[in-house]
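# Coordinates in review
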Amino acid sequence: MEPQQRSPLLEVRGNVELKRPLVKAPSRLPLPGTRFKRRPDQMEDALEPEKKRTRGLDTVTKMATSHPRAPALTARPQTQGQTTAPKVPKKTGPRCSTAIATVLKNQKPGPAVPAQKPAAAAPPLLGGKKPTKRPAWDLKGQLCDLNAQLQCFRERTQTLNQENQQLQDQLQEAQQQARALGAECRTLEGELARVQAQAEQSQQELGNLRAHVLELEEQLGTQEGLVQELQKEQLGLQEERRGLATRLEEQERRLQASEAALSGSQAEVASLRQEAAAQAAALVEQGERLHGLEMERRRLHNQLQELKGNIRVFCRVRPVLAGEPTPSPGFLLFPSGPGGPSDPPTRLSVSRSDDRRGTLSGAPAPTTRHDFSFDRVFPPGSGQDQVFEEIAMLVQSALDGYPVCIFAYGQTGSGKTFTMEGGPGGDPQVEGLIPRALRHLFSVAQELGGQGWTYSFVASYVEIYNETVRDLLATGTRKGQGGECEIRRAGPGSEELTVTNARYVPVSCEKEVEALLHVARQNRAVARTSQNERSSRSHSVFQLQISGEHAGRGLQCGAPLSLVDLAGSERLDPGLALGPGERERLRETQAINSSLSTLGLVIMALSNKESHVPYRNSKLTYLLQNSLGGSAKMLMFVNISPLEENVSESLNSLRFASKVNQCVIGTAQANRK
């Protein structure tokens, strides 16, 4: 039997005692081999160790509370080498009860042992009265009593031994049956566990099957609904098919009619194709003719500009500003043209009184009138739009491949910067020639794009201050670093001039041009002079390199448009006391007058067709070399002040402009490839 298990006998004994009580010995005699010289009341004390050993071996089993306690079995003394049977767990259930009933049925009751009658000489029985005491001298009688008592005890001991042997046999048989029942019980328990596992698995499978059945029922319901919907849809489709069949028949009838019409249309399409081919040929011819007309327009336009003069001079008189004295009547006169007042004025008359003559003779000083004639004269009331209208055709010549140069000349405060760049505030009415010219070029270039021409524009803006070239578009760390820019040829054998370290910015709209002009205004060198609070002390040169291409005909053209705002010209006063600031203004004035003088010499040399033209005598003329030559068109604005106090400077400017107006430069040639 396995260790740590309860003996099956104890389980069986407990159940057996519930059915039938076993034979028990009422004797309290000591075990065999013990001493007999003990009184009956001492026998129970002698049996106490045996009872304790019996309790130590767990031979007495408690019964369940639901059954009455059975009498305890007399325990057999345990011998040496004999081990106590381990406890076997109590088994319950139908099968275990059936097995115990079988054991009880097969168990035979032991034979009844008849009670031994005591000997005659024996003392009275234990249950009777106490025998009379023999006298002390009756030793023989006492010995006989003791022998009879001993014989009685021996017989009872023999009877108890027989009973003990029977109980041991019954115990062995019960143990064997208990072991068999324990093996059968374990087998049944394993089978029960297996059956329970199978039952649980079956329950799980049953649950899965029920869930699957529910899912299938739900799917079945869905499929039935879908079948009903499909049946409805089928009915609708059948109805639609019948309608489509009707429409198909109608379409077939219409198709037959269309095929009949198509046969007639094909003939018409063939004639239209022939007509389209003829129109395409005519379109090509018209394109060739249009191109020829465009070339003729450019030729006539250039011829018209040449008739007006490849170098022209316009005079503009600025209006009197607020706070300035009003000039006397007759100081500036604008005689009408040959066609009367309707013709634009081309002449200007300036009156000047000789104060020195009046002082010497004592009579009023005589008035001297100086008359000048130019290509166009703009009175003080002329607006910026009227001025640009006269030069718009000249600006367009730059798109045709002709170099164009427009510059403003005059004393400081005469309105040169206003004419070229416009007034502050962004008012469209006072925009200068530079933004108006670029807007016009962008517009005309877009129109010529319909004829196959594409144009690109690259702008630069520099100033020449004291014969030093500065970039007016410089920003960041390069801002204000004059002297770093130099004028160089674009490449070996190239006639194009560029300014090193200057920004060349591609432009395509008016906003980009406005941003460049804003940067240039902030960077340009200005100072206060005797004639103007804010006078430009440098020549500003805005150059726009125009490149055009006609990809279809392989034509290219390119030319620069130069718009120059010259520094104010002033005569030096030799008696002026010079401080540190005046010396700086003196050096500026000397540099300005020197470059303006060189400009006049270059124009005279070009007019006289001299072999050497002193372009390199000034940075201004060297930079404008390609815009002043015989292939260029040049326009000079001479700006004068309407004030009588500036009459000397105004006359000097007008005389210089008259000399330039008398110059005739050779025929211009377009830069085409």
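Residues numbered from 1 in each chain as written. Predicted model: local features only at pLDDT ≥ 70, side-chain atom pairs only at ≥ 80, totals over all residues. Heavy atoms only, no water.

Here we take up the nonpolar core. By size, the foremost hydrophobic cluster in this structure holds 51 residues, and its most contacted members are Phe407, Leu628 and Leu654. Sorting elements by how many residues they give to this core places helix α10 (residues 580-607) first, with seven residues. Here leucine 654 is in contact with Cys315, Leu348, Val350, Phe372, Phe374, Val638 and Ile640, once residues within four sequence places are set aside. One finds Phe388, Val404, Leu517 and Ala520 within the second-largest nonpolar core, a separate group that totals 44 residues. (Core = buried A, V, L, I, M, F, W, Y, C linked by side-chain atoms within 4.5 Å. Buried < 20%, exposed > 50% of the residue type's maximum accessible area, 1.4 Å probe, protein only. Helix = DSSP H or I, 4+ residues; strand = E, 2+ residues; numbered from the N terminus. Contact = heavy atoms within 4.5 Å.)

Let us look at the packing of helix α8 (residues 433-449) against helix α9 (residues 510-523). Packed helices, taken two at a time, are described by their axes: the angle between them and the distance between them. Two elements in contact, α8 and α9, have axes separated by 10 Å at closest approach and are oriented at 155°. Considering their axes alone, α8 and α9 lie roughly antiparallel with respect to each other. The interaxial crossing formed by α8 with α9 has right-handed handedness. For the pair formed by α8 and α9, the contact residues are Ile434, Pro435, Leu438, Arg439 and Phe442 on the first element and Glu510, Val513 and Leu517 on the second. The residue inventory of the contact of α8 with α9, partitioned by class, reads six nonpolar, no polar and two charged. (Axes fitted to C-alpha atoms, helices over the stretch in contact; angles between N-to-C directions. Parallel < 35°, antiparallel > 145°, perpendicular 65-115°, else oblique. Left-handed = near helix turned anticlockwise from the far one by under 90°. Nonpolar A, V, L, I, M, F, W, Y, C, P; charged D, E, K, R; others polar.)

Before going further, it helps to examine the sheet that holds strand β3 (residues 347-353). Sheet architecture is open: three strands sit in the order β2-β3-β4, paired in antiparallel fashion. Edge strands, defined here as strands with exactly one partner in the open sheet, are β2 (332-333) and β4 (367-373). Judged from the seven bridges that link them, β3 and β4 form a sheet pairing that is antiparallel. Its bridge partner being in β4, serine 349 is matched across the sheet by aspartate 371. (Pairing = 2+ DSSP bridges.)

Per-chain confidence: the chain averages 76 in pLDDT, with 69% of residues scoring 70 or above. Confidence drops under pLDDT 50 across residues 42-128; counting only partners more than four residues distant or on other chains, this segment forms 109 contacts. (pLDDT = per-residue confidence, 0-100.)

As for its position among the elements, serine 607 is in helix α10. Setting aside anything within four residues of it in sequence, one finds serine 607 in contact with Cys663 and Val664.

Running from amino to carboxyl end, helix α6 (residues 384-396) crosses α8 at an angle of 50°, the nearest separation of the two axes being 10 Å. The orientation of α6 with respect to α8, classified from their angle, is oblique. When you trace α6 past α8, the crossing you get is right-handed. Contacts between α6 and α8 pair Gln384, Asp385, Val387, Phe388, Ile391, Ala392, Val395 and Gln396 from the former with Leu433, Arg436, Ala437, His440, Leu441 and Val444 from the latter. Its residues assigned to classes, the contact of α6 with α8 comprises nine nonpolar, three polar and two charged.

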